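Observations on the model geometry
Given next are the chains, with one letter for each unit.
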Amino acid sequence: MRPTDASADTATVPGSTPGTGIGQSSGTDAEDTLDLRLPEEFLALCAEVDAADRDDLLDRVGDWGGTLTPAGTFHLVPVRCERDLPLVSRWMNDPAVAEFWQLAGPRTLTEDHLRAQLTGDGRSVPCLGVLEGTPMSYWEIYRADLDPLARHYPARPHDTGIHLLIGDVVDRGRGVGSTLIRAVADLVLDKRPACARVIAEPDIGNAPSVAAFLSAGFRFSAEVALPAKRAALMARDRSVRDLL
């Protein structure tokens, strides 16, 4: 993923690159391959199965439902480019966001970033954060154990990562980021029973971001060198959730 990082309470907390799946080769020579046209009904069925498999990697984020937070009722709503691209692109062109996500410019940059996830294998799901019915943040819920991040720390099966940005200035710098990070971490642990911990990797030099995650119940685990930054690897563990 192209972004690096920023503060949840000032703008953003992005991270690494979602996978796009593994290609397969038939192992046959092109000259020996039949020109076979599959029925459209069969292709549609395959598409439905593939979509279900993608959903299953993160236990159907779109079905998680709302959660009540001190800031109001919050939902994660999977992005639809035809509906959400103008809004997400506008947020990406905010200087406070652009500094870290590096997606400022024409909408095609943001569109490419979103479609890489939407057409991938489902290990990263881009979502709008909707608070009291108003889209106000952008999130990526991703399988940290299947992400390139896993090369840089001792990943466990089903580790789930989060990236985010707060879209509007009015929602920054007043604790909303920490509140929503805690709520989303709780959602992950509630809806993904196989996940033992939620992972984040803000830039080590971004004190507001690190503070936001600490306030949300994450602990500092290690400093790791990622391709685009030095990150503070942070985790929120299921085993100590009730103590926070």
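These figures come from a predicted structure and were not determined experimentally.

A count of helical and extended segments in the protein chain gives 6 helices and 9 strands. Among the 244 residues that make up the protein chain, the fraction classed as buried is 48%. Counted over contacts in the protein chain with a minimum sequence separation of 6, partners at least 24 positions apart contribute 67%.

A few words on a nonpolar patch on the surface. On the surface, a nonpolar cluster with roughly 260 Å² of combined accessible area is contributed by Ile204, Leu214 and Phe220. Within the secondary structure layout, Ile204 lies in the loop between strand 7 (197–200) and helix 6 (207–215).

What follows deals with helix 6. Residues Ser209, Val210, Ala212 and Phe213 constitute the buried set of helix 6. Within helix 6, the buried residues cover an arc of 155° as seen down the axis, which keeps them to one side. Following helix 6 by one or two positions, Gly217 adopts a phi angle in the positive range, close to 95°.

Turning to the packing of aromatic side chains, a few remarks are in order. What the rule picks out here adds up to 3 aromatic pairs. Residues Trp101 and Tyr138 carry aromatic rings whose centres are separated by 5.6 Å and whose planes lie at 70° to one another, so their mutual orientation is edge-to-face. Here Trp101 is found in helix 3 (residues 95–101), whereas its partner Tyr138 is found in strand 5 (residues 134–143), with 37 residues between them in sequence. Accessibility assignment for this pair places Trp101 and Tyr138 in one class, buried. Aromatic side chains Phe213 and Phe218 sit 5.0 Å apart centroid to centroid with 80° between the ring planes, which places their arrangement in the edge-to-face category. Each member of the pair, Phe213 as well as Phe218, is classed as buried.

In terms of residue burial, strand 5 counts as a mostly covered element, since 8 of its 10 residues are buried. As paired elements, strand 4 (residues 124–131) and strand 5 share 8 bridges and run antiparallel to each other. Bridge pairing links Pro126 to Glu140 in strand 5. Count of turn residues in the strand 4/strand 5 antiparallel hairpin: 2 residues, of which Glu132 carries a positive phi of about 50°. Pairing of strand 5 with strand 6 (residues 160–166) involves 7 bridges; the strand directions are antiparallel. Bridging from a neighbouring strand, Ile141 pairs with Ile162 of strand 6.

Once that is clear, we can look at the pattern of salt bridges. Inspection of the entire model under this criterion finds 15 salt bridges. Put simply, Arg90 and Asp168 hold a salt bridge, and the shortest N to O gap is 3.9 Å. With Arg90 in helix 2 (residues 81–92) and Asp168 in the loop between strand 6 and helix 5 (176–191), the pair connects residues that are 78 residues apart, well separated along the chain. Its salt-bridge partner being Arg123, residue Asp121 comes within 2.5 Å of it at the nearest N-O pair. The burial state of Asp121 is the same as that of Arg123; both residues are buried.

On to the nonpolar core, then. Core analysis: the biggest nonpolar cluster contains 32 residues, and Leu76, Trp139, Ile162, Ile181 and Phe218 have the highest contact counts within it. Looking at this core, the elements that each hand over two or more residues are strand 3 (72–78), strand 4, strand 5, strand 6, helix 5, strand 7, helix 6 and strand 9 (229–237). It is helix 5 that contributes the most residues to this core, 8 residues altogether. Those residues in contact with Leu76, other than ones at most four positions away along the chain, are Val61, Trp64, Cys127, Leu128, Trp139, Ile141, Val184 and Leu187. Within the second largest apolar cluster, 15 residues are counted, among which are Trp91, Val97, Leu103 and Tyr138.

What counts as what
- Residues numbered from 1 in each chain as written.
- Predicted model: local features only at pLDDT ≥ 70, side-chain atom pairs only at ≥ 80, totals over all residues.
- Heavy atoms only, no water.
- Helix = DSSP H or I, 4+ residues; strand = E, 2+ residues; numbered from the N terminus.
- Buried < 20%, exposed > 50% of the residue type's maximum accessible area, 1.4 Å probe, protein only.
- Contact = heavy atoms within 4.5 Å.
- Patch = residues over 30% accessible without salt bridge, like charges linked within 9 Å, V, L, I, M, F, W, Y side chains within 5 Å.
- Areas by Shrake-Rupley, 256 points an atom, 1.4 Å probe, with all protein chains shown as cover.
- Salt bridge = Lys/Arg side-chain N within 4 Å of Asp/Glu carboxyl O.
- Arc of directions from axis to C-beta.
- Phe/Tyr/Trp six-rings, centres within 6.5 Å; stacked < 30°, edge-to-face > 60°.
- Pairing = 2+ DSSP bridges.
- Core = buried A, V, L, I, M, F, W, Y, C linked by side-chain atoms within 4.5 Å.

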